[in-house]
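# Structure assessment
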Amino acid sequence: MTSKHALPSYLNPEDLGPWGVYLEQIDRVTPYLGNLSRWVETLKRPKRILTVDVPIERDDGTIAHYEGYRVQHNLSRGPGKGGVRFHQDVTLSEVMALSAWMTVKNAAVNVPYGGAKGGIRVDPKTLSRNELQRLTRRYTSEISMIIGPNKDIPAPDVNTNEQVMAWMMDSYAMIGGNMSTGVVTGKPISLGGSLGRRDATGRGVFVVGCDAAAKVGMSLEGAKVIVQGFGNVGGVAARMFAEAGSKVVAVQDHKTTVVHSGGLNIPQLLAHVAEVGSVEGFSGAEAFVPREDFWGIDCDILIPAALEQQITAERAQVIRAKIILEGANGPTLPAADDILTDRGVLIVPDVLANAGGVTVSYFEWAQNFSSFFWTEEEINSRLTRIMREAFDAVWQVSQEKKVSMRTATFILACTRVLQAREVRGLYP
Ligand code: NAD
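Residues numbered from 1 in each chain as written. Predicted model: local features only at pLDDT ≥ 70, side-chain atom pairs only at ≥ 80, totals over all residues. Heavy atoms only, no water.

### Some details on a positive patch on the surface
Applicable threshold: For patch building, the residue pool is restricted to those with more than 30% relative accessible area and no salt bridge; the joining distance is 9 Å between like charges and 5 Å between nonpolar side chains (Val, Leu, Ile, Met, Phe, Trp, Tyr). Only the protein chains shown count as covering a residue, and every accessible area follows the Shrake-Rupley method with a 1.4 Å probe. We define a salt bridge as a contact between a side-chain nitrogen of Lys or Arg and a carboxyl oxygen of Asp or Glu at a distance within 4 Å. Neither His nor the chain ends contribute to the count of charged residues, in which Lys and Arg are positive and Asp and Glu negative. Charge placement uses NZ in Lys and CZ in Arg. For Asp and Glu, CG and CD serve respectively. By definition, any uninterrupted DSSP run of H or I lasting at least four residues is a helix, any uninterrupted run of E lasting at least two residues is a strand, and each is numbered from the N terminus. Only protein chains enter the calculation, and the probe is 1.4 Å; a residue is then buried if its accessible area is under 20% of its type maximum, exposed if over 50%, and partly exposed in between.
A surface patch of like charges, here positive, comprises Lys 47, Arg 48, Lys 151 and Arg 424. With respect to the element layout, Lys 151 can be found in the loop between α3 (129–143) and β5 (152–156). Assessed through its relative accessible area of 39%, Lys 151 is described here as partly exposed.

### Here's the deal with the pairing of strand β3 (residues 80–87)
Selection rule: Each pair of strands is called paired provided DSSP finds at least two bridges between the two strands.
Counting buried positions along β3 gives 8 out of 8 residues, so the element sits mostly inside the fold. In this structure, β3 lies alongside β5, joined through 5 bridges in parallel fashion. Looking at the pairing, Gly 82 lines up with Pro 154 of β5. Of the strand pairs in this sheet, β3 and strand β4 (residues 115–121) are connected by 4 bridges, and their pairing is parallel. By the bridge assignment, Val 84 is partnered in β4 with Gly 118.

### Comments concerning the site of the ligand
Filter applied, for reference: Proximity is defined per residue: any heavy atom of the residue falling within 4 Å of a molecule or strand makes that residue near it. Between N or O atoms, a polar contact is any pair within 3.5 Å; within protein, one atom must be a potential hydrogen donor and the other a potential acceptor, and residues adjacent in sequence are included only when both atoms are from side chains. Each residue is assigned to one of three groups, with Ala, Val, Leu, Ile, Met, Phe, Trp, Tyr, Cys and Pro labelled nonpolar, Asp, Glu, Lys and Arg labelled charged, and all others, Gly among them, labelled polar.
The local shell around the ligand holds 23 residues, among which Asp 157, Thr 201, Phe 230, His 254 and Asn 329 are the closest. Within the contact set of the ligand, an oxygen atom lies 3.4 Å away from a backbone nitrogen or oxygen of Gly 231. A distance of 3.4 Å separates an oxygen atom of the ligand from a polar atom in the backbone of Gly 327. When the ligand is considered free in solution it has 830 Å² of accessible area, and contact with the protein chains removes 84% of it. Broken down by secondary-structure element, the contributors of at least two residues to the shell around the ligand are α5 (197–216) and α6 (232–243). For the shell around the ligand, the residue count by class is 7 nonpolar, 11 polar and 5 charged.

### Some words on the pairing of strand β6 (residues 224–228)
As a reminder, the rule being used: Look down the strands so they point away from you; if the path from the first strand over the helix to the second goes clockwise, the crossover is right-handed.
In terms of burial, β6 is a largely internal element, 4 of the 5 residues being buried. Bridge count for β6 against strand β7 (residues 247–252) is 5 bridges, and the pairing is parallel. From the neighbouring strand, Ile 226 faces β7, where its bridge partner is Ala 250. Once you follow β6 into α6 and on to β7, the crossover reads as right-handed. As defined by bridge partners, β6 adjoins strand β10 (residues 301–304) across 4 bridges and the pair is classed as parallel. Note on β10: the bridge partner recorded for Val 225 is Ile 301.

In structure tokens:
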């Protein structure tokens, strides 16, 4: 993607990757920002980018080096907040975009955070548990000067989990000599984690899915759902839709696509994945279909919950869903967004649909500060309330301004971020 933007020198203007997608989204919202648009450049430049070398000793005695990042996109509304991803395809452009989407997401659900994200360019499946621990600890040490409970609070993302968060928290405590559980969220319950955090993102996807279905007059009972990505987000969302009476007719993961026209047995599929690490070989499947066929499967609701840039213009042409709930970050390319929106598909964008995770992360952080813990019912009901209020506010803006839910979310969120920026003023 060639860019018309003033770009930082470390990006290739010919191939901006996910950051280019984000810039285009900002361009689309700028005309709606009124006087605040004079501050819009602030959203096009990450506040702080840290690139680190992460060396570890492999189990065989050799030394391996990995590239790590922590990007703080915007801290106008509060400390940075966003996950850490371990994946072989992580790039700076991707981490920048993910950090920016966190800025928008946190403002959309009105939690008091800026946006940040981190990542290491590594395939964690090639590492032993001990190597993974050394990698996590060294990475934490390398970024320790910019993270902290009041500075920037990492959380899990693709291929990172409660155990990785526990190692990060411990490393931070050892480096600083103080015990601050609130430095990361998504921790194990035994270490100050919050009840409900594991399911929070998938639950949030389900909550906005219920509201979206109501808006288009669709009943969830018997609705056909297809899900790409069957991890923390996709697995939980699939389970909740199945529990609500929907039929999850296809699931795709990194290995294969499994289908059943009568609805897959989701508890059995979850158990299978927990055992073998993929939906591959699931005995309850009607068929396994070629990867590309997934997009054209007859369905009412599509949930992309794997990686970004999955819904291309070509795939948009064959998608049959009436509602798309973006569990993943950045799954839809702008050209595809236009094709689907023109066709009247209701897209609940990532920055709204998957905000359940960061919302319960916020609850976890607040509980850590007060050392007082809430019940799971309290957490789930507060999460549902916040997601529904955010959905309503975005829906209203989209109706008033006659724009897509994505543009409406960006209008609401960017206005909040830039108002904070303006009232704080520039230092010095
Ligand atoms: P995860 O690692 O638990 O699961 C990822 C799933 O995607 C796995 O089932 C994997 O097999 C599948 N996958 C990977 N590559 C694929 C490919 N090329 N094609 C099809 N499937 C593929 O990750 P997760 O935590 O569920 O995150 C999924 C997405 O949701 C990411 O975009 C992440 O940034 C976003 N997200 C996660 C959270 C959270 O709380 N976990 C919160 C907000 C957004």
